[in-house]
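# Fold and geometry: a report
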Amino acid sequence: MHVVAQPLPPFWSLVEAHGPELLGHARRLAGPTEAEDVLQEAFLRALRAYPRLRHGEHLRAWLYRITTNVAFDHAARNGRRRELPLDAASEPVAPPDRAPAAEDDAFAALIGTLPEGTREALALRFVDDLPYDQIARRLGCSPAAARQRVSTAVRTLRGTLAP
Amino acid sequence: MTPAAPLSPAFLDRLATAAVGEGLTDAVYASVSTPVGRLLVVQTAHGVCRIAFAFEPEDRILADVAARIGPRVVASRDATAAARDALAAYLEGEDTELDVPVDLALVRTPFQRTVLEGLRRVPRGSVTTYGELAVAIGRPKATRATGTALGRNPVPIVVPCHRVLPRGGGVGGYGGSVGSYLAGPRVKRALLELEGALPAGDQLNFANGS
């Protein structure tokens with residue numbers, strides 16, 4: 001007996017099932033004014049890739065990942081990435097004109113430079129403040145792998161900020 | 001975790017419009033209220049591929065569309081407006097023409113396609129029988145298979161399978177699923193009545209279902 005791959009559900013059922021919590025996630029990463037733009041772009045990005053998925057598993061984690069990436073891209077597009085050091089020898093991030101409320105955005109821009117796969121783990125750990133078992137569930141990996149990704153992210157950031 | 005409120009209709013509309021505008025959809029859908037109940041209308045770039053009655057489970061219909069046409073299935077009132085308006089106007093008796101492009105993508109077999117295309121020669125106001133239709137498409141022995149093919153019509157009303165009746169009287173079945181057992185024949189009668197083609201005396205059998 002072989003396992004039949006779970007078919008892809010109608011895309012809109014994902015929008016209805018996960019849209020509200022993804023909007024919350026986008027709000028935490030990008031702020032309330034940008035959240036809907038981020039989520040729309042995330043769904044469009046997902047829609048572009050959707051037919052190429054081979055099975056309908058871990059779709060919620062997949063959407064979280066895309067939303068996280070879009071939020072970081074938005075932060076970068078808004079110019080905050082220019083404030084980041086271009087190489088490890090530059091000064092650490094300290095945008096002088098940063099408003100207190102923009103701390104999340106600066107954080108987003110900072111971790112936007114991390115390797116794919118580790119930054120969403122880091123965001124879930126330190127932005128969403130989730131425990132590792134929940135991060136694992138979101139990312140569709142084991143808790144040990146989630147912990148590994150967060151620690152890789154932290155190590156990379158240390159290397160970037162304090163060489 | 002913060003409790004998640006549903007996404008706003010305005011956001012969903014914007015998302016759907018952007019998806020349709022970018023050509024990212026395999027199918028779009030929305031519902032329309034009509035005198036025969038709420039209809040789910042699903043269409044591709046080529047035309048309406050599925051019309052479903054309220055007695056058919058929407059999630060199953062959309063899952064079938066996703067599996068057999070493509071998974072990028074998006075709710076869009078705008079993109080389905082022309083077809084929904086045409087259906088509503090026809091069923092309310094405002095229009096006597098129902099001119100809606102059809103996509104037979106959900107038709108499973110060449111035989112079923114032949115049967116459904118054979119319905120073109122049964123205009124509004126007239127009816128035929130399963131046997132006559134089987135003869136008309138050149139398969140005189142396939143009366144029963146013709147009935148089965150009609151029961152699986154993915155685009156009822158537009159492809160007028162309601163105009164095919166059993167030879168023995170009554171209106172016969174309609175909708176082809178367990179859920180349609182009671183509701184189906186009622187809808188079929190309403191459609192025939194609208195078109196002035198309800199068999200005389202049929203109302204007397206109303207309680208019999210078929």
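Residues numbered from 1 in each chain as written. Chains lettered and ligands numbered in written order. Predicted model: local features only at pLDDT ≥ 70, side-chain atom pairs only at ≥ 80, totals over all residues.

## Observations concerning the interface of chain A and chain B
Inclusion rule: Residues are scored as being in contact if the C-beta atoms we place from backbone atoms lie within 7 Å. Note on conventions: DSSP H or I runs of at least 4 residues are helices, E runs of at least 2 residues are strands, and numbering of each starts at the N terminus.
Each side of the interface is counted separately: chain A has 19 residues, and chain B has 23 residues. Mapped by element, the contributors of at least two residues to the side of chain A that touches chain B are α1 (11–30) and α2 (35–49) of chain A. Looking at the side of chain A that touches chain B element by element, the count peaks at seven residues for α1 of chain A.

## Digging into unusual backbone geometry
The cut-off we apply is this: Remark: C-beta atoms are placed from the backbone, and a residue is labelled buried if 20 or more other C-beta atoms sit within 10 Å of its own, exposed if 12 or fewer do, or partly exposed between those counts.
One non-glycine residue, H58 of chain A, lies in the positive phi region at around 55°. Of note, H58 of chain A is situated in the loop between α2 and α3 (59–77). You can call H58 of chain A partly exposed: it has 17 C-beta atoms within 10 Å. Of note, I157 of chain B is a non-glycine position whose phi angle comes to about 75°, a positive value.

## Side note on helix α6 (residues 132–139) of chain A
Helical periodicity: at 3.6 residues per turn, an α-helix aligns residues three or four positions apart in one direction. Residues and elements named next belong to chain A. Formally: Throughout, the arc means that of the directions going from the helix axis to the C-beta atoms.
When we look at burial in α6, the residues that qualify are I135, A136, R138 and L139. Projected down its long axis, α6 carries its buried residues within an arc of 160°, all on one side. One or two positions beyond α6, positive phi appears at G140, with a value near 70°.

## Quick notes on the nonpolar core
The condition that has to hold: Core membership is restricted to buried Ala, Val, Leu, Ile, Met, Phe, Trp, Tyr and Cys residues, and these are joined into a nonpolar core through C-beta atoms within 7 Å. Per the annotation, domain bounds derive from an automatic or database assignment of domains.
In terms of nonpolar packing, the biggest core is built from 91 residues, with A26 of chain A together with Y29, V41 and V73 of chain B touching the most fellow members. Shared between two domains, this core holds at least three residues of each, these being domain 1 (9–91) and domain 2 (110–200) of chain B. The residues touching Y29 of chain B, leaving out its near neighbours within four places in the chain, are L40, V41, V42, L62, V73, A75 and T80 of chain B.

## Considering the domain arrangement of chain B
All names here are of chain B. Here chain B is partitioned into domain 1 (9–91) and domain 2 (110–200). Between domain 1 and domain 2, the C-alpha centre-to-centre distance is 24 Å. Taken together, the eleven residues of domain 1 in the interface contact 14 residues of domain 2. Residue assignment for the side of domain 1 that touches domain 2 shows that the elements contributing at least two residues are β3 (48–52) and α3 (81–91). Per-element tally for the side of domain 1 that touches domain 2: the top contributor is β3, with four residues.

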